[in-house]
Amino acid sequence: MYRYDEFDAAFVRQRTEQFTDQVARRLSGELSEEEFRPLRLMNGVYLQLHAYMLRVAIPYGTLSSRQMRMLARIAREFDKGYGHFTTRQNIQYNWPALRDIPEVLRLLADVEMHAIQTSGNCIRNTTADHFAGAAADEIADPRPIAEVIRQWSSIHPEFSFLPRKFKIAVSGAATDRAAIRFHDIGLQLVRGPDGGKGYEVWVGGGQGRTPMIAKLIRPFIEETELLAYLEAVLRVYNRYGRRDNKYKARIKILVHETGEADIRADIEEEYARLKGGSLTVPAEEIRRIEAYFTLPAMPPRPEASETLDTARASDPALALFCAQNLHPHRVPGYTSMTISLKPIGGIPGDATAEQMDAVADLAEAFGFDELRVSHEQNLILPHVALDDVPDVFARLVSMGLATANAGLVTDIIACPGLDYCALANARSIPIAQSISERFGDAQRQRDIGPLSVKISGCINACGHHHVGHIGILGVDRKGEEFYQITLGGAPGADAAIGSIIGHGFLADQVPDAIETIVDTYLAVRRDPAEPFLLALRRVGEAPFKEALYGTR
Amino acid sequence: MQKAAASTLQTITANRLSDGIVVFLGAHDRWVERITEARVFEGAEAIAAATAVGEAANRARLILGPYAIDVTTGPRGPVPVRFREKIRAFGPTARTDVVAPAFGESVAA
């Protein structure tokens, strides 16, 4: 895992001191809210419906047990005992006092964490596949380049005042688990003709009010030249991105309005100026950073675990958990385990301080001290020996963290919604809870198979509803919460934006509507092996519309 | 802030600067956490005067972002008309285990 060098540590300390001073001047009255607001946003401090909100960066979703314990401590001592893991692999605290935030930032700095650039019109947390480094289908670990990008993008002087926020995601596997086509820049790691590492560069994806799929601007850039190319993209955006209208200021609008060919020409022209210059990352430097991410020493184990197989045979709950929450690991005898933060009827993505501490203990005891946060608001133990799975499972059961629903209908992504967010029009959490309760039976969920439900409480789409197989968008209809349903969204290489299927529903009608959609799928599917998304693509929306709305 | 109609009842709300907690203008121009203790203002003149108090408190760095909300009078005091303002006054509906509903008032009504 990347460790701060002296420069990083000094920078974070200085930034914390600077912000401490800014907070003091705000509290004393020397700074007005207008003056303070851009400063606090650069340090991840929002003002939400009920209180301030602090968003802490978790670079490429990776953290150690020591760091997780600090997040738990902050939840316990400075908040109301819980935190929320987000769709960008970060954590949010909903109740920090402004006067306490400098102390919180000092504690975070002690464990090499911070809240810098988690808000504002700058380059945000670069996200990556949550199974990075472990996945059996991985071409190479994307986290080293994500770290290089993090260093390049932190307080980049030229890009601190972009037209709008900027989000980058990296995928290192054949299967894109980072939704790269829905980011401002998405990077797909590929091997070049000589076997060297390079990237596909996708530009102009995004969700929000105007969802768009990114364009493949450059099919291959060598790894050593990637920063120069990213700089070229950011320069074109910084120069030509719209600043007249906040809702048309993302790079996706620039790409759309300029046209793919012309924007590519602009970027290539800028890149030609930068190529081979100071932004070329020497191969030795990449190797140096890669060294931080080498796989922990995992003693070889048999591919199948007798211990696990025996335990599974006598414990149906464990068997279900293994069938659902384990992901194939590149090292035989190991697995990556999803710790679902979607308990049936619970709040998606929330974890108590006690749960965070317990997960930290598990990582230390069984997980080579490594944890991940997925953009699907779950936690991951990326490296667990199959032999240890029964013990880990037993501990998870005792903490209420053993829900066997990874990728199933109750593994819902939901934004905080009107319960927390000043931007929201409707609540999303209670909708998630009611759907979760309706489909709570473990076997029923397994029978339904992979099905992603994503819920946003307003058109900013922080719940990623546009890329849900079933998407739910909460709106305000004459003062009443009302929910539109979309079908057919997909975040991966088969990228698709969901389409609205018809008239919306009141909150208490939503679970029935989802059930109707699920029942329709079960009726039309060729066999249980045909998942929801493929069946939908095969038969189209008509059967679902018919079932929901009847013949017109 | 909008001018209110003569018959509109309003309360002034803001966030406390030091900790961000939602507060309301109460008796003696003090800011209270419980909407049940908030003063209710009726008529354009009263609301304008209350608004001025809010703006002064903003300048005095006690609170930030003051604004007026429409309320009705309930058995325990003012209740916001708008749903969003109800949630803001009474807390997130999803976390009553951690954030207790204010004094028995429930948002989900």
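Residues numbered from 1 in each chain as written. Chains lettered and ligands numbered in written order. Predicted model: local features only at pLDDT ≥ 70, side-chain atom pairs only at ≥ 80, totals over all residues. Heavy atoms only, no water.

Caption draft 1: Structural view of the sheet that holds strand β8 (residues 185-191) of chain A. Residue and element names in this part refer to chain A. With mixed pairing, five strands are arranged side by side in an open sheet as β6-β7-β8-β9-β10. Across the chains shown, the open sheet's two edge strands, defined by having one partner strand only, are β6 (127-128) and β10 (215-222). Note: β8 against strand β9 (residues 197-203), seven bridges, orientation antiparallel. Bridge pairing in β9 links Arg-191 to Lys-197. Taken strand by strand, helix α5 (residues 143-153) contacts β7 (168-171), β8 and β9, and its axis lies near 165° from that of β7. (Pairing = 2+ DSSP bridges. Helix = DSSP H or I, 4+ residues; strand = E, 2+ residues; numbered from the N terminus. Contact = heavy atoms within 4.5 Å. Axes fitted to C-alpha atoms, helices over the stretch in contact; angles between N-to-C directions.)

Caption draft 2: Local environment of the nonpolar core. All names here are of chain A. Counting residues in each nonpolar core, the largest one holds 64 residues, and the members touching the most others are Met-68, Leu-71, Phe-85, Met-337, Leu-381, Val-389 and Leu-396. Formed jointly, this core draws a minimum of three residues from each of two domains, domain 1 (6-110) and domain 3 (306-399). Setting aside chain neighbours within four positions, we find Leu-396 in contact with Phe-321, Met-337, Ile-339, Leu-362, Leu-401 and Ala-402. Counting residues in each nonpolar core, the second largest holds 50 residues, with Val-12, Phe-166, Ile-168 and Tyr-271 among its members. (Core = buried A, V, L, I, M, F, W, Y, C linked by side-chain atoms within 4.5 Å. Buried < 20%, exposed > 50% of the residue type's maximum accessible area, 1.4 Å probe, protein only. Domains from an automatic or database assignment.)

Caption draft 3: Layout of the interface of chain A and chain B. Each partner contributes to the interface: chain A provides 30 residues, whereas chain B provides 21 residues. Summed over both sides, the interface between chain A and chain B buries roughly 2,200 Å², with carbon and sulfur atoms accounting for 61% of that surface. Broken down residue by residue, the surface that chain A buries against chain B is led by A:Arg26, A:Leu49 and A:His50, which jointly contribute 23%. Here chain A is connected to chain B by zero salt bridges. Applying the counting rule to chain A against chain B returns nine residue pairs in polar contact (both at pLDDT 80 or more). Mapped by element, the contributors of at least two residues to the side of chain A that touches chain B are α1 (6-28) and α14 (429-438) of chain A. It is α14(A) that provides the largest number of residues to the side of chain A that touches chain B, a total of three residues. A breakdown of the residues in the side of chain A that touches chain B according to their chemical character gives 17 nonpolar, five polar and eight charged. (Buried area = accessible area lost by both parts, 1.4 Å probe. Salt bridge = Lys/Arg side-chain N within 4 Å of Asp/Glu carboxyl O. Polar contact = N/O pair within 3.5 Å; in protein donor to acceptor, adjacent residues only side chain to side chain. Nonpolar A, V, L, I, M, F, W, Y, C, P; charged D, E, K, R; others polar.)

Caption draft 4: Focus on the packing of aromatic side chains. Residue and element names in this part refer to chain A. Scanning the model with the defined rule gives ten aromatic pairs over all chains in all. Relative to Phe-532, the ring of Tyr-521 lies with its centre 5.5 Å away and its plane at 65°, an arrangement referred to as edge-to-face. Separated by eleven residues along the polypeptide, Tyr-521 in helix α16 (residues 510-524) and Phe-532 in helix α17 (residues 532-539) bring together distant segments of the chain. You'll find Tyr-521 and Phe-532 in the same group, each marked buried. Put simply, the rings of Tyr-521, Phe-532 and Phe-544 pair up and form one aromatic cluster. Taking NZ or CZ as reference, Arg-209 lies 3.9 Å from the ring centre of Tyr-247, over its face. (Phe/Tyr/Trp six-rings, centres within 6.5 Å; stacked < 30°, edge-to-face > 60°. Lys NZ or Arg CZ within 6 Å of the ring centre and 35° of its normal.)

Caption draft 5: Local environment of the sheet that holds strand β11 (residues 326-328) of chain A. Residue and element names in this part refer to chain A. Read from one edge of the open sheet, five strands run β3-β14-β15-β12-β11, paired in antiparallel fashion. Looking at strand neighbours, the two that pair on one side only are β3 (62-63) and β11, the edges of this open sheet. Across three bridges, β11 lies against strand β12 (residues 334-339) in antiparallel orientation. Considered in β12, the bridge of Leu-326 is made with Met-337.

Caption draft 6: Focus on the pattern of salt bridges. All names here are of chain A. Counted according to the given criterion, the structure contains 50 salt bridges over all chains. In this structure, the salt-bridge partner of Lys-342 is Asp-411, at a minimum N-O distance of 2.7 Å. Of this pair, Lys-342 sits in the loop between β12 and β13 (350-352) while Asp-411 is found in the loop between α13 (389-399) and β16 (413-414), placing the two residues 69 residues apart along the sequence. The pair Lys-342 / Asp-411 is uniform in exposure class, with both members buried. We note a salt bridge from Arg-427 to Glu-481, for which the minimum N-O separation is 3.0 Å. Taken together, the residues Arg-427 in the loop between β16 and α14 and Glu-481 in strand β19 (residues 480-487) connect sequence positions 54 residues apart.

These figures come from the coordinates and say nothing about function on their own.
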